[in-house]
Amino acid sequence: MPSLKDLKNRISSVKNTRKITKAMQMVAAAKLRRAQEAAQDARPYTERFNAVMAGLAASVGDSATAPKLLAGTGKDDVQLLIVMTAERGLCGGFNSNIAKLARQKTTELLAQGKTVKILTVGKKGRDSIKRDLGEYFVGHVDLSEVKRLGYVNAQDIAKDVLGRFDMGEFDVATLFYAKFQNVVTQIPTAQQIIPAKFDTDAAEAVSSVVEYEPSEEAILADLLPRGVATQIFAGLLENAASEQGARMSAMDNATRNAGDMIDKLTIEYNRSRQAVITSELIEIISGAEAL
């Protein structure tokens, strides 16, 4: 049974921990608002951009002049998985859920006899899957020094990916990130970005009312690389909002758990203190009677 001093020290330690988790919760709440606004503001542009691209892709179809980023290499033997996670932890299951989805996809592809290559963005995802899938790593993007995400960060990642595609290093690229829904819900998502895939309904809506000049092929050749960067940037923004939402929820749970632990330790401390006092009183009374 722990002594009164041990219990008192433990209560003090848990109280200090609760102060830290409460402060982290408040910081995450402040960052969440900005990150959520950025992610939500980017969605209309991304959706409209994809709709226009879908219309162009539908017009081009499977013609021989279709850009390589749209038509692909004609095979899917080599798969590049771009796993985007956070640079920091203490955000619940945010990082592990994305890593789990990437791990499942890798297992499926390997079972089909495909060659898998993994490009990680964010060290937490890299650390999470390094033990099981480290042999498939081909690159890493470190964003730990980036104070605020910008389109230029997505452009750098897209430039790396497009360079690998032009060199023939892979056939299909899939992006892994967490789509922000609300503070307690972040949905791990896998999205193919090379070759480009678009919603057919959006394609029909746009292609029926828009005429393009110059040719659709020429416009696609210019817009498809931007589309890759746009998808990556949207994923980064969704990830940033999801990370702060997950951290806020995790720190709130940690604060509540610390409070419950303090209550239990306080009860245990009071009971132990009462037992010590009772024992001392018994000794005093026994001594008095002996006299």
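This is a predicted model, so every value here is computed, not measured.

Colleague: Residue-level account of the packing of helix H3 (residues 94-111) against helix H4 (residues 123-133), with values.
Modeller: Axis separation between H3 and H4 bottoms out at 9 Å; the angle between their running directions is 35°. As H3 packs across H4, the resulting crossing turns out to be right-handed. The segment H3 lies against H4, with Asn 95, Ala 99, Arg 103 and Thr 106 engaging Lys 124, Ser 128, Ile 129, Asp 132 and Leu 133. Broken down by class, the residue content of the contact of H3 with H4 amounts to three nonpolar, three polar and three charged.

Colleague: Describe the nonpolar core, listing the residues and the values that go with them.
Modeller: If you look at the biggest cluster of nonpolar residues, it comprises 46 residues, and the most contacted ones within it are Ile 82, Ile 194 and Ile 232. Among the secondary structure elements, those contributing two or more residues to this core are helix H1 (4-60), helix H2 (68-71), strand S1 (78-84), strand S2 (115-121), helix H5 (151-166), strand S4 (172-182), strand S5 (185-194) and helix H7 (216-290). When residues of this core are assigned to their parent elements, the largest contribution, 12 residues, is made by H7. Residues in contact with Ile 194, not counting those within four places in the same chain, are Leu 69, Val 161, Leu 162, Phe 165, Phe 170, Asp 171, Val 172, Ala 173 and Val 228. One finds Leu 81, Ala 99, Ile 118 and Phe 137 within the second-largest nonpolar core, a separate group that totals 18 residues.

Colleague: Could you give an account of H3, naming the residues involved and the relevant values?
Modeller: Since the α-helix turns once every 3.6 residues, residues separated by three or four places project in the same direction. Look at H3: 26 Å from first C-alpha to last across 18 residues, which is about the 26 Å you get at 1.5 Å a residue. At the exit of H3 stands Gly 113, carrying a positive phi of roughly 85°.

Colleague: Before we move on, can you summarise a nonpolar patch on the surface with the specific residues and values?
Modeller: Side chains of Ile 277, Leu 281, Ile 284 and Ile 285 sit close together on the surface and give an oily, nonpolar patch of about 380 Å² of accessible area. Turning to its location among the elements, Leu 281 is positioned in helix H7. For Leu 281, a relative accessible area of 47% gives the class partly exposed.

Colleague: Can you lay out the packing of aromatic side chains for me, pointing to particular residues and giving the numbers?
Modeller: All told, the structure shown has three aromatic pairs when counted by the stated rule. Relative to Phe 170, the ring of Phe 165 lies with its centre 5.4 Å away and its plane at 45°, an arrangement referred to as tilted. Classification of Phe 170 as buried rests on a relative accessible area of 1%. Between the NZ or CZ atom of Lys 68 and the centre of the ring of Phe 165, over which it lies, the distance is 5.1 Å.

Colleague: Give a description of the sheet that holds S4 that names residues and reports values.
Modeller: Read across the open sheet, the five strands follow the order S3-S2-S1-S4-S5; overall the sheet is mixed. With partners counted over all chains shown, the strands left at the sheet margins are strand S3 (137-141) and S5, one partner each. Pairwise comparison of adjacent strand axes, ignoring direction, gives a mean angle of 25° for this sheet. With seven bridges connecting them, S1 and S2 associate as parallel partners. Residue pairing for S2: Leu 80 is matched across the bridge by Lys 117. Contacts from H4 reach S1, S2 and S3 within the one sheet, and its direction differs from that of S3 by about 165°. Against the sheet, H7 contacts S1, S2, S4 and S5, and its axis sits at roughly 40° relative to S4.

Colleague: Describe in detail the environment of Ile 129, supporting the description with residues and values.
Modeller: Its place among the elements puts Ile 129 in helix H4. Expressed as a C-alpha distance, the spacing of Ile 129 and Ala 99, which sit 30 residues apart in the sequence, is 6.4 Å. Setting aside its immediate chain neighbours within four residues, Ile 129 contacts Val 83, Ala 99, Arg 103, Ile 118, Thr 120, Gly 134 and Phe 137.

Calculation notes
Residues numbered from 1 in each chain as written. Predicted model: local features only at pLDDT ≥ 70, side-chain atom pairs only at ≥ 80, totals over all residues. Heavy atoms only, no water. Axes fitted to C-alpha atoms, helices over the stretch in contact; angles between N-to-C directions. Helix = DSSP H or I, 4+ residues; strand = E, 2+ residues; numbered from the N terminus. Left-handed = near helix turned anticlockwise from the far one by under 90°. Contact = heavy atoms within 4.5 Å. Nonpolar A, V, L, I, M, F, W, Y, C, P; charged D, E, K, R; others polar. Core = buried A, V, L, I, M, F, W, Y, C linked by side-chain atoms within 4.5 Å. Buried < 20%, exposed > 50% of the residue type's maximum accessible area, 1.4 Å probe, protein only. Expected span 1.5 Å × (residues − 1). Patch = residues over 30% accessible without salt bridge, like charges linked within 9 Å, V, L, I, M, F, W, Y side chains within 5 Å. Areas by Shrake-Rupley, 256 points an atom, 1.4 Å probe, with all protein chains shown as cover. Salt bridge = Lys/Arg side-chain N within 4 Å of Asp/Glu carboxyl O. Phe/Tyr/Trp six-rings, centres within 6.5 Å; stacked < 30°, edge-to-face > 60°. Lys NZ or Arg CZ within 6 Å of the ring centre and 35° of its normal. Pairing = 2+ DSSP bridges.

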